[in-house]
Each structure stands twice: as C-alpha cells, then as structure tokens.
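A look at the structure
So you can see what is in the structure, the chains are spelled out below.
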Amino acid sequence: RATYDIEATETKWQRVWEDLQPFRADDDSPREKRYALTMFPYPSGDLHMGHAEVFALHDVVARYWWQRGYEVLNPMGFDSFGLPAENAAIRNDEHPDTYTRANIARSIESCRKYAASFDWSRTFNTSDPDYYRWTQWLFLKFHERGLAYRKNSPVNWCPNDQTVLANEQVVGGVCDRCGAEVTKKELTQWYFKITDYAQELLDGLDELEKTWPDRVVTAQRNWIGRSEGAHVTFTLHAADGERDIEVYTTRPDTLYGATFMVVAADAALAAEIVHPDRAQALEDYLVEVRKASDIDRLSTDRPKTGVDLGITATNPVSGEEIPVWASDYVLADYGTGAIMAVPAHDQRDLDFARTMGLPVRRVIDTGDDNPEETGVATSGDGTYVNSGPLDGLGDKASGIRSIIERLEADGRGSGAVNFRLRDWLISRQRYWGPPIPIIHCPVDGEVPVPEDQLPVTLPVLTGADLKPKGTSPLGGATDWVNTTCPTCGGPATRDTDTMDTFVDSSWYMFRYCSPHDETQAFDSAKVNAWMPCNLYVGGVEHAVLHLLYGRFFTKVLNDMGLVDFREPWSAQLNQGFVINQGKKMSKSLGNGVNLGDQLAAFGVDAVRLTLVFAGPPEDDIDWANMSPDGSLRFLQRAWRLSGDVTSAPGADVSGGDLALRRTTARTVHDAAELVETYRFNVVVARVMELVNATRKAIDSGCGPADPAVREATEAVAVLLSLVAPYTAEEMWERLGHEPTVARAGWPVVDEALLVEDTVTAVVQVKGKVKARLEVSPDISEADLEAAALADAGVQRAIDGATVRKVIVRAPRLVNVVV
Ligand code: ANZ
C-alpha cells in the first residue's frame, strides 16, 4: 500500500508555512477577531508530552477559527524569569540568561516542527528588558494607586537555605528541600493589595461559571473565602488596665456559649496583654509555634497546645468573666487574630477546652448528645438554650440577627464580612526577576524610579553571586545598589528585591496585542479590539493563583482607564495530564515518555491525533493505552483517498452520490458544533467514519470518478487540518489545490442534505404495533392520523370496532384506542 514519507513531508511543509505565514494575525483585518490563548511555558527544557497535549488541543480551536473565517490571534511566548534558570546558573556557574535562551530556542524549534499554529511574529520572553520595563511600569502605577505597599510580616524561613519558603514548602515543620527546621522571620516585604478587589473577584465568578470549568470556579471561590458574621468587642482586664478587644465570629448567636477567649500566640496582641507572671511561659511556647505552618495550625486532628495568659475578659452580652488563652490554632492574620471560643459548637474549641480543662456550655439544643460528654461539637440547627433572650428560639438566622442588633445598640459589635484572601506577597529575595523600581532615600523615603529611567535592568551576576544568602543577591552588586535619589539628588540605594514571576504572567496576554510597542505596555485600542480572550487553554494547577492574579490586574487596568473590560478570559478549558502505565511520569519511576522519540517514530500528525482522539480534553491520557501506530495507519488511509479521486477540482457535485453527500454534509455540520463544545475526540471519530464511507464509495459504490467522492475527500482534508496538518496539506495538494489547506475555509454545507427525507411512524392498535409508515418529518398531526387509519393492516386490526380515541405524536407515533 502507498504511504507518504513522514520526515520528507514534515520538512517540505514547514518550509511552505514559513513562506506563507498563514497564521500571522493582522490587527487591521476586516474579519471578526478571535483570540485563542494558551498558557505560555516556563522554558526549563525542551517541550514534553504535556506541552504536546495542550498545544494539540488548543490548535484544534485556533485552526478551526481560521477555517471559519475569523482573524485569529494565537500567540506564544515564554515565562522566562524564575528559580529553575537561577538554580541551573548556580550549578553551571553561568548567567541565567544563557540557560534561558538556549531552552527557548529549542522550544521554538520544537513548536515549529509540531506545527502549532502560533504567530511567532509576536513572541517575547518576560525576562527581556523590553518586557520587564513594562512590568516595572505597572508596579509603579499600582504604587501610585496605593495598591503596592510594604509591610513587616512573619514569613517561613529556612535557616539552612537562607531563603523564604512558601507555606506549601513547609512540610511537618521542616524545609521540604533540605529537612532543616523552619522558623518564622519578620521581613519587610512588598505586597499587592488584591484584597481591595475580593468582593468583585468573587462576584465575577457568577458570570464566568457559565464558560469556565467548575473546579476552577470552586477553587477560586474557596480561595477568596467570603464569610459573613460579626465583630464582637470584649472588655479585657489586663495587668496594666482595661482595654477592648475585638473578635471575628461567624456565629455571634452562640455568644452565651463563649466560655473562654483565644488570642493567636504569635500576634503582637498576645505579648501586649499577657500577665507578667505568664510572660515567660508564652515566650517558651512561641519557640514551638514558629515551627508550624498555617496548614498544620488549622488542622483539626492536631493535638491542641496553648498558654493561659493569666487575665480575663467580659462577655458583652452575659457580663460573664472568661479566661483568655493564647494558642497556635488561632491565626494572627485572619479575622482579628482573636476568637471567642464556643467549645460546645466548634470542634477545635472543644478539643482545646478538653485538653486544658476549660468549661463547655451548650447553647443550641440540636437533639444530639451533650458535646461535653461525647467530645463531639454539634454544629447543626436546633433550639437556643442558656442564651438569655434567645432561649426557645429555633431559627439561626433570627438568632444571629437578634444578637447583632443588640451588639450594635450597645456599641459592642456589628455585622461583618470577612475574606480568607490575603494581599499578594510579590517580593522575592532572588536574582532572576524584575527588580522592584523603588529607591530608598534617607531623606525622601521610598521614591519611585522616574518612568523615563525604566527599565531598571538587572546587574550582571553569575554563579556563586546568585547563591541565596538571606538577603537578595542584588544587594551584593554595590555599584548597582548605590544610586542617587531622584527627588533630592542625595545618596540613596535601590530596592534589592525582585518581583514574583506571577507578576510577569498577570499581564502577558495584553502585551501580545502590541508586542513590539516601545512607548507603552500595550496599545489600548488594540487590546480592546482583540480582548477579552475568547478561549484560554491550560493546566488546572493554575486554577487559583495565576488566574486570580490575571483577573485582578485586568480590574486595576480597567480602573486606570487602560482597557474597557474587567475580565481577561471569557472561556477556559483545562486539559488532563499525560500519564504512563497508570502513574504520573517521573524520573524515579522511570516511566517518562520522551516526546522527541514519539515524534521520530510516528510523526507529528500521528502523535497529535492520538492525543486529541484519546478522550475528552479534561481527562488524563495514559500513554501506555494509546496506539500512535493505529493513528498513523488511519492517517495513511485518509491520505490514500486523495490519490484515488479522479474528478477535477471544482467539479459540480450536485449530481453526485446522494448517500455519500449526506454523510459528508452531516459530518461537517456536526464537527463545527463538536469543536465549539470541546468534544474534539468525537470530531476525530466522525472523520474516521467519513473516511470509511468514502473508501466504500470508491471501492464498491459510486466509484472514484463521482464528484461526491471528491467532496468527501476535500472535507476530510479540511477537518484533518485541525489535528493533522501535514497529512491534510499532502491531501490538499494531491487533490489539485494550492496550499495551504489551513486557510482553505470551512466546507459549505447544503442545508437540504441535512434534512432527513422520511422518518418511520409507528402505528399501534390496542397497544400492539400494527404498521410502520414512511412519512415526511414535518407531516401534520391530521395527515399522519389519516394516513394511519387508511393503512390496510391497521384497518384489519380495528376490525370494525368503534375507534374511541386516536393519540398522535407526529411524526413518530400513532396510538389507536378502540
Ligand atoms: C465562634 C464560633 C462558634 C465560631 C461556632 C464557629 C462556630 P470562617 O468561616 O473561616 O470565616 N476564627 C475566627 N478568626 C480566627 C482565626 N484568626 N484563627 C482561627 N479561627 C478563627 O471562620 C470563622 C470562624 O473561625 C469564627 O467563628 C471563629 O470561630 C474562627 F459554633 O466564632 B467562630
């Protein structure tokens, strides 16, 4: 059997595409615009199976849009700042830029071979000074608006690696890289005030819910973590006098059951209010507390620890005096950092009460056994007891309302909303990121670098200079650090921190709209013309941080008047993982699949087709169960059709074989809907069916000269161009057309071919099928009834009896009741 030479074909078409540039997006095109964005990669090596999957899926949509006549923006760049490049540079004693650029060059080469339809004229790297100049400019704009600020805060600190760790990097109190015991350290850090937008970020999800994956929307809602409750003020009797302290609670209605208070042990408040006799105990306890991560601290099954602060507070509704404790299960930076403990109805409070021998008082009778005896707090609904004026009430909402009203009347509290979302810590004490464009002056304080002095470029440091030392490596570049104050001209120093890589990726989608603009971050008119992105394809691991930060940036840019929309990504699709033998690919398991090897063995098209055909895009793909060789056989089979067609291009198809024409029309019609609903695997299945039908028509039906065969084969080529671009080009050429099939246009479907000619109507008499009639799909109820009653078999079944009722459901069913 004839086959095509994979390697020669790939080389041939890469040259043609290089020449024709079929995917270059024209800002001024009169066509309707579509923006297909896929998450840009981190250039830590060459492309791998995961990239192959996401680019193949993404390309189906981008290429489909071109075929449908849209002007498509489908850009690609590189998220090139960050730790891997820096660590590689330390290892190899080189500059991170060297490592980064080598990987980017390889990845671009691989993307080209892979025939991803990216517009390479718009590519950039976030580590290019031409890009990070504008990242710095955006920082200054945020600063101007009070959205970038510095504050002291306790951060996780690894004394061995001399670096800050994220909460996720502290496992069981030790550093997950080196095993050293992690401590907390107070550091001055830069933050973006994302909390100003908490409510709006939450509200926006109601609309996005319609077009974003559920798991992403849910993850964002949980992360933002809105809760409603109240602030309640207790009077505290400290050794040096009285003071008010406020707690945040979601259950103000349980106030009569508050039998003690707990203050976060590491909050400044604890040290301020502790009785002098208990100060040493608190001090000792804090040493232990600093080792735990927030995740550990909030865990319910962790043994409770704490210190009695030796003072009391007065409950604002009952007047009761209750003891005040410090513990680590209360977090310093959530709510007010202090709680009223209601052990009967909150499990962590109950565990604490039982450990410390504190009283438990039930205030809601839920019908369950008493928590004091069972050790299980009851959080359900019930009737209030031991609660003064609330006693006997059975409704939580009124209970909450009533207590809040009372607190407000007494000036001891008010209704309140709380968010779990914290401000975004953006400073890093590392080298490979955009320097924060601030100058510290002993006279003028924090002075923004004037815009015309941007970018603040990184000083060139290599190898050992980059090693983490506890402060930013930039601090060692003395010539760079020492500068003059833009305000007073006196000696001053540069801020030595760099920005988190998530800052770079929060605005890259805007930059693609005018990537080479040297005068501004982006051209607003162009951005407004292309955006919001019609589709964003990428990994679900970015469900929270990246996607939330990008939304936040968009809202700020809208407030600045720079863009006319408030959400950057209208629709979103998350692909699954490519796994092998049921497990995630990993070096230690030795089950990695090398993309280059697969491409060499089966060709680009077969690998792409396999990934698209594997199942719904969201599902994981187990490469061990795939058969790229089967994909290759199918592609060759499709390709052979193009060699068999004998009619000329442009042949009149109207008289062609009707059955095949109907199959073609139905396939093309359905494929459009299937692509739009991301059921790409079904598109492939339908193309396979069309290939089979065409083969049959050639071999044992109307024959290769029938124009319906050409029509079908051309449709196969265009549909395959979404998934297997090389095979599709070869077919198109053999069918006598000029390249490129990628821009051939979606096949025009004759609507008449989609209409079913007849449908079968079933006629029942006394519940038994007595006739089947071929009728028009749009037959009226009256006509169908008449036709049914005229049928000889039906008449025989009625056999002269009186027809009592005829139930007609046109066009499929008639039921005769006698
Ligand atoms: C009394 C109470 C009674 C509570 C009850 C719950 C149930 P969300 O929904 O997450 O906002 N809390 C408040 N601040 C805290 C902090 N800094 N660290 C740890 N826990 C804190 O949770 C709010 C509830 O978590 C608050 O309502 C408080 O406990 C606790 F039957 O107050 B509650």
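Relevant structure appears above.
Notes on the structure follow. (Residues numbered from 1 in each chain as written. Predicted model: local features only at pLDDT ≥ 70, side-chain atom pairs only at ≥ 80, totals over all residues. Heavy atoms only, no water.)

Describing helix H20 (residues 595-602)
Buried within H20 we find Leu595, Gln598, Leu599 and Phe602. For H20, the angular spread of buried residues about the axis comes to 100°, placing them on one side. Counted as exposed and oriented over 90 degrees from the buried face of H20: Asp597 and Ala600. Residues of H20 that are buried in the fold lie against helix H1 (6-20), helix H2 (49-67), helix H4 (96-113), helix H21 (604-613) and helix H22 (628-644). The positive-phi residue at the C-terminal boundary of H20 is Gly603, with phi of around 90°. (Buried < 20%, exposed > 50% of the residue type's maximum accessible area, 1.4 Å probe, protein only. Helix = DSSP H or I, 4+ residues; strand = E, 2+ residues; numbered from the N terminus. Arc of directions from axis to C-beta. Contact = heavy atoms within 4.5 Å.)

Quick look at the pattern of salt bridges
Throughout the structure, instances matching the rule amount to 41 salt bridges. In this structure, Arg243 and Glu272 form a salt bridge, with 3.1 Å as the shortest nitrogen-oxygen distance. Linking Arg243 in strand S9 (residues 241-249) with Glu272 in helix H9 (residues 268-273), this pair joins segments that are 29 residues apart in sequence. By relative accessible area, which is 33% here, Arg243 ends up partly exposed. Note on Glu272: relative accessible area 47%, which makes it partly exposed. When the shortest N-O distance is used, the salt bridge between Arg251 and Asp253 registers 2.9 Å. Considered together, Arg251 and Asp253 belong to a single accessibility category, that of buried residues. Bridged by salt links that share partners, the residues Glu200, Arg551, Lys555, Asp559, Arg566 and Glu567 form one connected network. (Salt bridge = Lys/Arg side-chain N within 4 Å of Asp/Glu carboxyl O.)

Topic: the site of the ligand
Residues in contact with the ligand amount to 16 residues; listed here are only the nearest, Ser227, Thr249, Leu331, Tyr334 and Arg420. Side-chain polar atom of Thr249 to an oxygen atom of the ligand: 2.7 Å apart, as the coordinates give it. At a separation of 2.7 Å, an oxygen atom of the ligand approaches a polar side-chain atom of Arg420. Contact with the protein chains covers 87% of the free accessible surface of the ligand, which is 640 Å². Listing elements by their share of the shell around the ligand, those giving two or more residues are S9 and strand S13 (338-341). For the shell around the ligand, the residue count by class is eight nonpolar, five polar and three charged. (Near = heavy atom within 4 Å. Polar contact = N/O pair within 3.5 Å; in protein donor to acceptor, adjacent residues only side chain to side chain. Areas by Shrake-Rupley, 256 points an atom, 1.4 Å probe, with all protein chains shown as cover. Nonpolar A, V, L, I, M, F, W, Y, C, P; charged D, E, K, R; others polar.)

Some points on the sheet that holds strand S29 (residues 759-765)
If you trace the four strands from one edge of the open sheet to the other, you get S30-S29-S32-S31, paired in mixed fashion. This sheet does not close on itself; its edge strands, each paired only once, are strand S30 (768-775) and strand S31 (805-809). Averaged over all adjacent pairs, the angle separating strand axes in this sheet is 15°, with direction ignored. In this sheet, S30 lies alongside S29 in antiparallel orientation, the contact comprising seven bridges. Bridging from a neighbouring strand, Val763 pairs with Ala771 of S30. Sheet strands touched by helix H27 (residues 781-790): S29, S30, S31 and strand S32 (813-817). Its angle to S31, the strand with the most contacts, is close to 125°. (Pairing = 2+ DSSP bridges. Axes fitted to C-alpha atoms, helices over the stretch in contact; angles between N-to-C directions.)

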